[in-house]
Amino acid sequence: MMGLIKTLMIIMQLVQFVGCQQFSNNKDFFNATINSTQLNDPAALNEFTELVYGRLSTVTSDLIHSEIAQDATFCVTDPEDDWNRSFNYSSDLGFLSKCIQTTQGDLAQRLCTAAELKFYFTNFIANTKTSFLKPNRNCNLTAWVSGCEPGWACSAGLGQPVDFKTRQVPARSFNCQPCCEGFFCPQGLTCMIPCPLGSYCPMATFNVSTGLCDPYLYQLPPGKADHTCGGANIWADVSRGGSMFCSAGSFCPTNTKQIPCTTGHFCRKGSTAETRCFRLTTCDSNTTRQNITKYGLMLIVGISVLLFVFYNCYEKVINMRERRYAKSREVAVKSIQQHVQAQARWLSATDAIKKATRSFSFSRRTIVLPNEQSEATSERKEVEAKQKMEERSEATENKDNNKKIKARHLRGDTQIFKYAYSQLEREKAQQQHNAELTFSEVITMMIDDEGRKRPPIEISFKYLTVTLKQKKKCLLRSVTGEIRPGRITALMGPSGAGKTTLLSALAGKTVGCLISGLILINGKVESVRSYKKIVGFVPQDDVVHGNLTVEENIWFSANCRLSADLPKADKVLVVERVIESLGLQPVRDSLVGTIEKRGISGGQRKRVNVGLELVMEPSLLFLDEPTSGLDSSSSQLLLRALKREAVEGVNICMVVHQPSYALFQTFDDLILLAKGGLTAYHGEVRDVEDYFAHLGIIVPERINPPDYFIDVLEGMVKPSTSSGLTYEELPLRWMLHKGYPVPADMQKSVSGVGEPDYSGNQENYAGSGTEQQLSFFGEFWQNLKYKVEAQCDVLKNNFLKSKDLSGRRTPWILLQYRHFLGRMAKQRLREARIQAIDYLILLLAGACLGLITKASDESFGGPGYTYTIIATSLLCKISALRTFSLDKLQYQRERASGISSLAHFIAKDTIDHFSTLIKPLVYLSMFYFFSNPRSLFLDNYIVLLCLVYCVTGIAYALAIFLEPGPSQLCSVLLPVVLTLLSTQPTNSQVMKTLTHLCYPRWALEAFIVSNAKRYYGVWLIQRCGALMRTGYNLHEWYRCIYLLVGAGAACRIVAFIGMLTLGKKY
C-alpha cells in the first residue's frame, strides 16, 4: 500500500511542485497583490495563465526521471505519456484562468503541498473502507474551519510564501471559499488539487429532496447557514470517487466540460474524446460501447470457411494422390498380367511345337537296346541338368545385377509398380519351378541363393530359468534348446506353462523377473537388443492404428524400419509382397477400424498385425499366438507367408494354441512345455509322435496329436500306458533322454524314492518351500521394492543402449519425423468431426462467458479473464489428452522395434500446434467481441495462445504419467484449483510463493496488464490501486508470456522423459 501512496503522491507532487518552483523563481509575481483590473484584463490574464502553465510543463519535464517518479514504475510504463494523458491541459486552460479570477490571484496559496498530499493519501488510501482523514494542523477537534469541509479550501494568505517541499502541513485557514471548478478539495484538508483529464469536476448543487450536494453526494455542515456546496471532494477509485469520472456515454475534453457522445461514436467512462465506431456497427447517441458482435460472427465464419477449405483441400489432395497411386498400381498389374498371359500363350505354343516335332521324329527314330537307351537317357538328363543350373546361375546373377541397377533408376509410380509386380510374378514362377526340382537341384539352388539371404540369427539357451521377483515364483525352469534360422519353431503347452514367458525372455522383453542361465546369439553371449533392428515381435493383441488403412499401417512400418539405403522400388516390392502373401489385397485401402468404428475383420486385422513385422524383413521373428481367432484357411495363408520367410533364412518362433493337424505339419520344430515351465519335448515335429510312443503314449485315432499331447500335460487325459508313467514325470523323462542335469529337488524321482509334487504348486519350483506369511508392512515393503526394481529394469532397458550388431542403417530421426508427420496428418484429418466438436464447445464457452461477464472497468475485466483461463484450460487439456492416451500400446510396440521416440513426440506436438493456433481465435471470436474489453485483440490472442500452449504441455504429462480416468479428473480439477489459488489474497510468504508458481496467475496478470495499459487519465489511481492489490506489474507482461511458454516447454520435456522411463506403463 505504501507503493500506491508514493505513486499517488508523485502525481500530485508533479503539479504542486511546479507551482512551488514558479513561486520561488518569480517571487515578485506571487508575493505582489494582484488587483482586480489586472485580473479583468484578458491579455494580462492569458499571459498570467500561460506563465503558470509554462512553468508547470517545464518542472514536469524535469521531474519525470526523478527519484520520486521511479517509485511508480509498477503501474506506469511511460511516465511522460501518462502525465500528458492525465495533466496536460494545454488544449484548454480556461479552468485555470477562471480559478485565478475566483481566488483573486492567490491560487498558489490554495494548492496542496507535498506534506498535505502525503497526509491525504496516507490516511485516505491506506484505509479503503472510509473517506475520512485523521486530524491535522488545520482540521482537528479544536480547530475546524469551513475549508475543512468537503469541496471547500482556504488560503495561506496573500504575501505569505508557501514552501511546497516542507514535510509539515502549512497553516491554511484564511479566506475559505468553495473549491474552484476543475479542482477537488478533500474533507479534512484546506487545499485544492487539480482534477485529472477524463474527470468532470463542476461546482456541486444542493439537492433539496436528499439534502446532499450533487453529484458528489456530500452533506453540508450543520449550523452553518452561509455554507454552500463547493466543488469536487475526492479523487479515488470508481467505487468511492466515481462521481468525479466523466460519465459513460459522454466525453470530457477538459475537466469542466462534459459533452454527450454523438451518433456514430461511442464514449467509455472517463473518456476525453469520442471514438468513432467501426463499420458495420451501430452506435446511437450517448452510446457507451460499440456493438462489434458482427465482427465476431465474421471472424468465426472466416475461420470456419478456412478450416473447411483446408480440410477439404487437404483431403482431396490426399485422395487424388491415393487415386493416382492406385491407378498406377492397376495399370502396372494389368500390364504384368497381359505380359504373363502372353508368355503363357508363347510357352503353350512352344510346347505344342515341341510335341509335334517329337511325334514327327519318333517315326524316323532307330531302335536302341534297353540298356543303351537308359544310359543315354541318364547321360542326357545329367547334361541337361548341368546346363539348366549354369543357365540359372548366370540368369540369376544377371537378374540381380539388372535388378539393382534398374531399381535405383526407376522413376514414376507406374514403372515402380511394374517392376514390383514383375518380380512377384517371377517369384511365383520360381516357386512353381522349385516344386518340380529334384533334391539335388534344390540343394544347388539354395547354395546359389545363399548370398541373397538375410543375416542369420541362431539362438541357443541352456538351463534358462525365469523367476518373478515379487512373489519368488518360478515361471520357467532349466529350459534348454535352440531355435535355428530357416525354420519355424512352434512353442506349445498348457495354460500357465510359461510359453509367453519363454518367448519374452528370448526376445529380451521381460521386466521384473530374475533370469539365470545362458542365452547365446550365434554362439556368443550377446543381448538380443543389439539386433533389434532386424528382430520382429508380433504381440498377442492386434496393436495397429485403427484410423489408418491396411496399406498405410504397413507402409509406415516399412518406411521407418527398412534400410535407409533401400531404393523406393524395392520398398514397394517388399510391401506388395507382404500384402499379397497375407491375402490383404482386397482390403488394402480399408481402414483397420477401432472399437467404436468397425473396419476390417478380426482375421484380417491379425494378419495386418503380422504384416507390420514381415515388412521390415527380419532375420529373427517372434510371434505370440498369431493364429488365435483365425479360421483354418486364414491360418494356412499366414503359415504359407511365414514359410516363405523361413526359406529366406528367417528364424521364426511362435506360440501356438490348438493348431490343426495340417497346420501342425507345416512347423519344423516343436518346443512342448509342461506345467511349471519345464520342457517336455524339444525337437523336430516329425519325431514328436515317435518320442511319446516310445514312452508308451500313443495318440488315439481321429485325435489331433498336438491337442492330445497338451491334454496329457494338463492332466486331463491319463496316458494309456502300463509303465505307470504320469504326466508329472514327462519333463524328468525328457531331461534323462537328453542327458540334461536334473534339479536337486527332482533327484528323488530319479532314484525312485518318491514323486515330486509340482503340478499344483509352482512355488516349489523355486525351491522356496512353504510361502512365508508377511505382515501388512512387510507386504507393502515387498511390493514397493518390487516396483522399484521393475522400474530400474525399465530404465536400464531404455537408457542403456546395446551395441548395434544388426548391420542395418535405418532412416535417421528427421526422415522418421517426416513419416510421423504424414501419418499424424492423416489421422487428424479422419478425426475432423471430433475436432469440430472441440471448436464448437470453445465457441459456445466464449459466447456464454462473453455475455455473462462484460469487461468491467473497475476490475479491468478480471472476472471474465478468470473464467476464460478456467474454461480454455479445461477444454484444451481434455482434448490434448487424446494425443498421447489413445495409442500408448502402438507407441510401445514402435519404440521396442527401434523407431525414434523423439520423432514420435515432436511430430505429434507439431500437428497439435495447428489446434493451438486455431483454438484461441475460435474462443476470442465470441468472448472478445461480446465482452468488448479495452485491450487489443492481438494482445488477448497472444496471451491465450501462450496459455493454450502451456496447458497442452501439462495435458501431455498427465496423459503419459496417469491412466485415462485420473488424467481426465486432474485436467478438470487442476485449472479450477490453481486459478482459485492464484486469485485469493494471501499474506503468507509461502502462499505467495505458491501463487507465483501457478500458471493461471501468469495468464491472468498478462490479460489484466494488457487491459490496464488502456486506462489512463482519471483512471490512473484506479490502475495503480488495482495493480498494487493484485501485485501485478505493467512491465512484466513479457515475463508472463515467457513463463507460460517456458512452462509449456518444460512440461513437454517432462512428458517426453516420462515416455522414455515409464516403459510398460506407456
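In case you missed it, the structure is sitting above this.
Residues numbered from 1 in each chain as written. Predicted model: local features only at pLDDT ≥ 70, side-chain atom pairs only at ≥ 80, totals over all residues. Heavy atoms only, no water.

Looking now at the overall build of the chain. When helices and strands are counted, the chain shows 34 helices and 20 strands. Buried positions account for 50% of the 1066 residues belonging to the chain. Across the chain, every contact between residues at least 6 apart in sequence was considered, and the portion connecting residues at least 24 apart equals 74%. Surface summary for the chain: the accessible area is close to 51,600 Å², and the carbon and sulfur share equals 57%. (Helix = DSSP H or I, 4+ residues; strand = E, 2+ residues; numbered from the N terminus. Buried < 20%, exposed > 50% of the residue type's maximum accessible area, 1.4 Å probe, protein only. Contact = heavy atoms within 4.5 Å. Areas by Shrake-Rupley, 256 points an atom, 1.4 Å probe, with all protein chains shown as cover.)

Here strand 18 (residues 651–655) lies mainly inside the structure; 5 of its 5 residues are buried. Residues Asn-651, Cys-653 and Val-655 of strand 18 are buried on one face, and the alternating residues Ile-652 and Met-654, pointing to the opposite face, are buried as well. Sheet topology note: the strand 14 (residues 488–492)/strand 18 ladder contains 4 bridges and is parallel. Directly across from Thr-489, in strand 18, lies its bridge partner Cys-653. One ladder, built from 5 bridges, connects strand 17 (residues 620–624) with strand 18; its direction is parallel. Bridge pairing in strand 18 places Phe-622 opposite Cys-653. In terms of handedness, the path from strand 17 via helix 17 (residues 632–647) over to strand 18 forms a crossover that is right-handed. (Pairing = 2+ DSSP bridges. Right-handed = clockwise from strand over helix to strand, strands pointing away.)

Moving on, we come to the side chain of Ser-97. Structurally, the position occupied by Ser-97 is in helix 6 (residues 94–102). Ignoring any residue separated from it by four or fewer positions in sequence, one finds Ser-97 in contact with Leu-45 and Thr-49.

The subject of this paragraph is the environment of Thr-489. Mapped onto the elements, Thr-489 comes out in strand 14. Thr-489 sits in the buried class, given a relative accessible area of 0%. Distance from Thr-489 to Leu-670, taken between C-alpha atoms, is 5.5 Å for residues 181 residues apart in sequence. For Thr-489, the contacting residues outside a window of four places in its chain are Ile-483, Ile-652, Cys-653, Met-654, Asp-669 and Ile-671.

All right, on to the state of the cysteines then. The final tally for this structure, using the stated rule, is 10 disulfides. For Cys-154, the disulfide goes to Cys-176, at an S-S distance of 1.8 Å. Disulfide Cys-154 to Cys-176: torsion about the S-S bond roughly 95 degrees, handedness right-handed. Here Cys-154 is found in strand 1 (residues 152–155), whereas its partner Cys-176 is found in strand 2 (residues 174–178), with 22 residues between them in sequence. There is a disulfide in this structure between Cys-195 and Cys-201, and the S-S distance comes to 2.2 Å. Between Cys-195 and Cys-201, the disulfide has an S-S torsion of -115 degrees and is therefore left-handed. (Disulfide = S-S within 2.5 Å.)

Here we come to the packing of aromatic side chains. The full count for this structure, using the stated rule, is 28 aromatic pairs. A ring pair is formed by Tyr-691 and Trp-734, whose centres lie 5.3 Å apart and whose planes are at 85 degrees; its orientation type is edge-to-face. Note that Tyr-691 is positioned in helix 19 (residues 688–694) and Trp-734 in helix 21 (residues 730–738), a separation of 43 residues in sequence. For Tyr-691, a relative accessible area of 8% corresponds to the buried category. The structure contains a cluster of three or more aromatic residues connected by ring pairs, namely Tyr-681, Tyr-691, Phe-692, Tyr-708, Phe-709 and Trp-734. Note that Arg-823 overlies the ring of Phe-556, its terminal NZ or CZ placed 4.2 Å from the centroid. When the ring centre of Tyr-949 is taken as reference, the NZ or CZ atom of Arg-1052 above it lies at 3.8 Å. (Phe/Tyr/Trp six-rings, centres within 6.5 Å; stacked < 30°, edge-to-face > 60°. Lys NZ or Arg CZ within 6 Å of the ring centre and 35° of its normal.)

Another point: the packing of helix 26 (residues 862–885) against helix 29 (residues 937–961). Helix packing geometry: the angle between the two helix axes and the distance between the axes. Across the interface, helix 26 lies against helix 29 with an axial gap of 7 Å and an inter-helix angle of 45 degrees. As far as their axial angle goes, helix 29 and helix 26 are oblique. Between helix 26 and helix 29 lies a crossing whose hand is right-handed. For the pair helix 26 and helix 29, the contacting residues are Tyr-865, Thr-868, Ile-869, Thr-872, Ser-873, Cys-876, Lys-877, Ala-880, Leu-881, Thr-883, Phe-884 and Ser-885 in the first and Asn-940, Leu-944, Leu-947, Val-948, Val-951, Thr-952, Ile-954, Ala-955, Tyr-956, Leu-958, Ala-959 and Ile-960 in the second. Along the lines of polarity and charge, the residues of the contact of helix 26 with helix 29 split into 16 nonpolar, 7 polar and 1 charged. (Axes fitted to C-alpha atoms, helices over the stretch in contact; angles between N-to-C directions. Parallel < 35°, antiparallel > 145°, perpendicular 65-115°, else oblique. Left-handed = near helix turned anticlockwise from the far one by under 90°. Nonpolar A, V, L, I, M, F, W, Y, C, P; charged D, E, K, R; others polar.)

The side-chain alternation of strand 1 yields two buried faces, one formed by Trp-152 and Cys-154 and the other by Ala-153 and Ser-155. Of the strand pairs in this sheet, strand 1 and strand 2 are connected by 3 bridges, and their pairing is antiparallel. Bridged to Trp-152 within strand 2 is Pro-178.

Bringing the sheet that holds strand 18 into the picture now. Within the open sheet, the 6 strands sit side by side as 16-17-18-14-19-20. Their pairing is mixed. Every other strand in the sheet has two partners, leaving strand 16 (535–538) and strand 20 (678–684) as the edge strands with one partner each. Averaged over neighbouring strand pairs, the angle between their axes works out to 15 degrees when direction is ignored. The strands touched by helix 13 (residues 499–507) are strand 14, strand 16, strand 17, strand 18 and strand 19 (669–674); relative to strand 17, the strand with the most contacts, the crossing angle is about 155 degrees.

This part covers the side chain of Asn-138. Checked against the element boundaries, Asn-138 lands in the loop between helix 7 (114–124) and strand 1. Note on Asn-138: relative accessible area 8%, which makes it buried. A distance of 3.5 Å separates a polar atom in the side chain of Asn-138 from a polar atom in the side chain of Thr-190. (Polar contact = N/O pair within 3.5 Å; in protein donor to acceptor, adjacent residues only side chain to side chain.)

Let us now look at the nonpolar core. Ranked by internal contacts, the top residues of the largest apolar core, which has 125 residues, are Phe-183, Met-192 and Tyr-999. A total of 15 residues in this core trace back to one element, the largest contributor, which is helix 29. (Core = buried A, V, L, I, M, F, W, Y, C linked by side-chain atoms within 4.5 Å.)

A few words on the pattern of salt bridges. Think of it this way: side chains of opposite charge can pair up when their charged atoms draw near. All chains considered together, the criterion is met by 30 salt bridges. One salt bridge connects Glu-552 with Lys-826, and the closest N-O pair in it is separated by 3.6 Å. In this pair, Glu-552 is assigned in helix 14 (residues 550–561) and Lys-826 in helix 24 (residues 813–830), connecting sequence segments 274 residues apart. Exposure remark for Glu-552: the relative accessible area of 11% places this residue in the buried category. Across the salt bridge formed by Glu-1005 and Arg-1039, the nearest N and O atoms sit 3.9 Å from each other. Separated by 34 residues along the polypeptide, Glu-1005 in helix 32 (residues 999–1012) and Arg-1039 in helix 34 (residues 1037–1061) bring together distant segments of the chain. On the basis of relative accessibility, which here comes to 0%, the residue Glu-1005 falls in the buried class. (Salt bridge = Lys/Arg side-chain N within 4 Å of Asp/Glu carboxyl O.)

Before going further, it helps to examine the packing of helix 29 against helix 32. For the pair helix 29 and helix 32, the least separation of the axes is 9 Å and the interaxial angle reads 175 degrees. Regarding the angle of helix 29 to helix 32, the classification is roughly antiparallel. When helix 29 is examined against helix 32, the residues Asp-939, Asn-940, Val-943, Leu-944, Leu-947, Cys-950, Val-951 and Ile-954 are found in contact with a partner set consisting of Tyr-999, Ala-1003, Ala-1006, Phe-1007 and Ser-1010. Residue composition of the contact of helix 29 with helix 32, by class: 10 nonpolar, 2 polar and 1 charged.

Here the focus is the sheet that holds strand 5 (residues 205–207). Read from one edge of the open sheet, 3 strands run 5-6-7, paired in antiparallel fashion. The open sheet terminates on both sides in strands that have one partner only, identified here as strand 5 and strand 7 (218–219). Across 2 bridges, strand 6 (residues 212–214) lies against strand 7 in antiparallel orientation. Each residue of the ladder has a partner; that of Leu-212, found in strand 7, is Gln-219.

It is worth spelling out a nonpolar patch on the surface at this point. On the surface, Trp-812, Ile-813, Leu-814, Leu-902 and Ile-906 cluster together into a nonpolar patch covering about 460 Å² of accessible area. Listed by contribution, the elements that provide at least two residues to the nonpolar patch are helix 24 and helix 28 (901–931). With respect to the element layout, Ile-813 can be found in helix 24. (Patch = residues over 30% accessible without salt bridge, like charges linked within 9 Å, V, L, I, M, F, W, Y side chains within 5 Å.)

This part covers unusual backbone geometry. In the segment running from Asp-214 into Pro-215, the intervening peptide bond is cis, with an omega of 5 degrees. With respect to the helices and strands, the residue Pro-215 is situated in the loop between strand 6 and strand 7. Positive phi is not limited to glycine here, since Glu-625 has a value of about 55 degrees. In this structure, Glu-625 sits in the loop between strand 17 and helix 17.

Time to look at the environment of Ala-490. Locating Ala-490 in the fold gives a position in strand 14. In sequence terms Ala-490 and Leu-623 are 133 residues apart; their C-alpha atoms lie 9.6 Å from each other. Leave out the neighbours within four places in its chain, and Ala-490 touches Met-654, Val-656, Phe-667, Asp-669, Leu-670 and Ile-671.

Considering the arrangement of structural elements, one finds Arg-1001 in helix 32. On the accessibility criterion, Arg-1001 (5% relative accessible area) is buried. Distance from Arg-1001 to Leu-980, taken between C-alpha atoms, is 9.6 Å for residues 21 residues apart in sequence. Discounting chain neighbours no more than four positions away, the residues touching Arg-1001 are Ser-982, Thr-995, His-996, Thr-1030, Gly-1031 and Tyr-1032.

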